[in-house]
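Descriptive analysis of the structure
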Amino acid sequence: MSSDAELEELLGKISLGDRRAFSRLYDATSSKLFGVALRVMKDRAAAEDVLQDSFMKFWKYSGRYVSRGVSPMTWMITVTRNTAIDALRRRRGGEEDIADHSHRLAGSEPSPEQAALAGDEARRIRECFDELGDDKARAVRGAYLDGYSYAELSQQLGIPLNTIRTWLRRGLQALQECMNR
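Read on for a plain summary of the structure. Chains are numbered independently. Their residues run from 1 in the order of the written sequence. This being a predicted model, a pLDDT of at least 70 is required before a residue's local features are given, and a value of 80 or more before pairs of side-chain atoms are given or counted; all residues contribute to the totals for chains, interfaces and linings. Note: side-chain values were computed over all heavy atoms of the structure, leaving out hydrogens and water.

Looking at unusual backbone geometry
Where we set the bar: Secondary structure is summarised from DSSP: a helix means a run of H or I of at least four residues, a strand means a run of E of at least two, and numbering begins at the N terminus for each.
Phi is positive for Lys42, close to 60 degrees, though the residue is something other than glycine. Tracing the backbone through its elements, the reader meets Lys42 in the loop between helix H2 (19-41) and helix H3 (44-61).

A short note on the packing of aromatic side chains
Rules: Any two rings among Phe, Tyr and Trp, with Trp reduced to its six-membered ring, count as a pair given centres within 6.5 Å; such a pair is stacked if its planes are under 30 degrees apart, edge-to-face if over 60, and tilted if neither. A simple rule labels every residue: compare its accessible area, found with a 1.4 Å probe on the protein chains alone, to the largest value its type can have, and call it buried under 20%, exposed over 50%, or partly exposed in between.
The full count for this structure, using the stated rule, is 5 aromatic pairs. A centroid spacing of 5.0 Å and a plane angle of 80 degrees characterise the contact between Phe55 and Phe58, whose relative ring orientation is edge-to-face. With Phe55 and Phe58 both in helix H3 and 3 residues apart, this pair spans about one turn of that helix. Residue Phe55 is classed as buried on the basis of its relative accessible area, which comes to 3%.

A short note on the pattern of salt bridges
Rule in force here: Just to be clear on terms, a salt bridge is a Lys or Arg side-chain nitrogen sitting within 4 Å of an Asp or Glu carboxyl oxygen.
For the structure shown, the criterion picks out 5 salt bridges. The salt bridge partner of Lys13 is Glu9, with a shortest N-O separation of 3.1 Å. In this pair, Lys13 and Glu9 are both assigned in helix H1 (residues 4-15), 4 residues apart and thus about one turn of the helix distant. Assessed through its relative accessible area of 46%, Glu9 is described here as partly exposed. The shortest N-O distance in the salt bridge between Arg138 and Asp135 comes to 3.5 Å. In this pair, Arg138 and Asp135 both sit in helix H7 (residues 134-144), 3 residues apart, roughly one turn of the helix. Residue classification places Arg138 among the partly exposed positions, given a relative accessible area of 42%.

Observations concerning a nonpolar patch on the surface
Threshold: By definition, no residue in a patch forms a salt bridge, and every one has over 30% relative accessible area; like charges are joined within 9 Å, nonpolar side chains (Val, Leu, Ile, Met, Phe, Trp, Tyr) within 5 Å. Method for areas: the Shrake-Rupley scheme with a 1.4 Å probe, in which residue coverage is limited to the protein chains shown.
Among the surface-exposed residues, Tyr144, Tyr150, Leu161 and Leu172 lie close enough to one another that they form a single nonpolar patch of about 320 Å² accessible area. Assignment of secondary structure puts Leu172 in helix H9 (residues 161-180). The exposure class of Leu172 is partly exposed, given its relative accessible area of 35%.

So, the environment of Ser154
To keep things clear, this is the line we draw: The criterion used for residue contact is that any of the two residues' heavy atoms lie within 4.5 Å. Polar contacts, as counted here, are pairs of nitrogen or oxygen atoms within 3.5 Å of one another; within protein the pair requires one atom able to donate a hydrogen and one able to accept it, and residues that are adjacent in sequence qualify only if both atoms are side-chain atoms.
Considering the arrangement of structural elements, one finds Ser154 in helix H8 (residues 150-157). Sequence-wise, Ser154 and Ile164 are 10 residues apart; in three dimensions their C-alpha atoms are separated by 6.2 Å. Sequence-distant contacts of Ser154, defined by excluding residues within four places in its chain, comprise Ile159, Pro160, Leu161 and Ile164. Within the structure, the side chain of Ser154 is placed 2.4 Å from the backbone oxygen of Ile159, a separation counted as a polar contact.

All quantities given are derived from atomic positions and should not be read as evidence of function.
In structure tokens form, the structure reads like this:
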């Protein structure tokens, strides 16, 4: 496995469109990232699709990676895991409760204490979403849980793009404040 400095260098080169660096990043990280996708998806073909989608995101968004104490491998694992979770939601055809897959992501069934805490946190999240109001909550869920782009949300909801951006920014701030109470 490459060092953090090597991975950061590769991501920097990829952000400039370097295909050779992209190939080297794939060779250095794909097996570990495939394992992450497979643990979430539990299906080899679906995990391969997730891996491909993840690498497309790395190609497109590598310029957004900023260390800030997070290793490049951690960032790529997070992108891959989130891509897999999004794929599960799409496959199941709809919105699911935020905490529905927490036991699967942890790799084992939760203890009774963990289940109680997760249930309490899921309840708090639902209550915070309720405080946003229907349209704003739908926009936040669409962008951050269902993976819709701002433009897609604008079109779906019939709301101007700049309004969607404002709703999302304010919605996330309101959710954070609510969860910190």
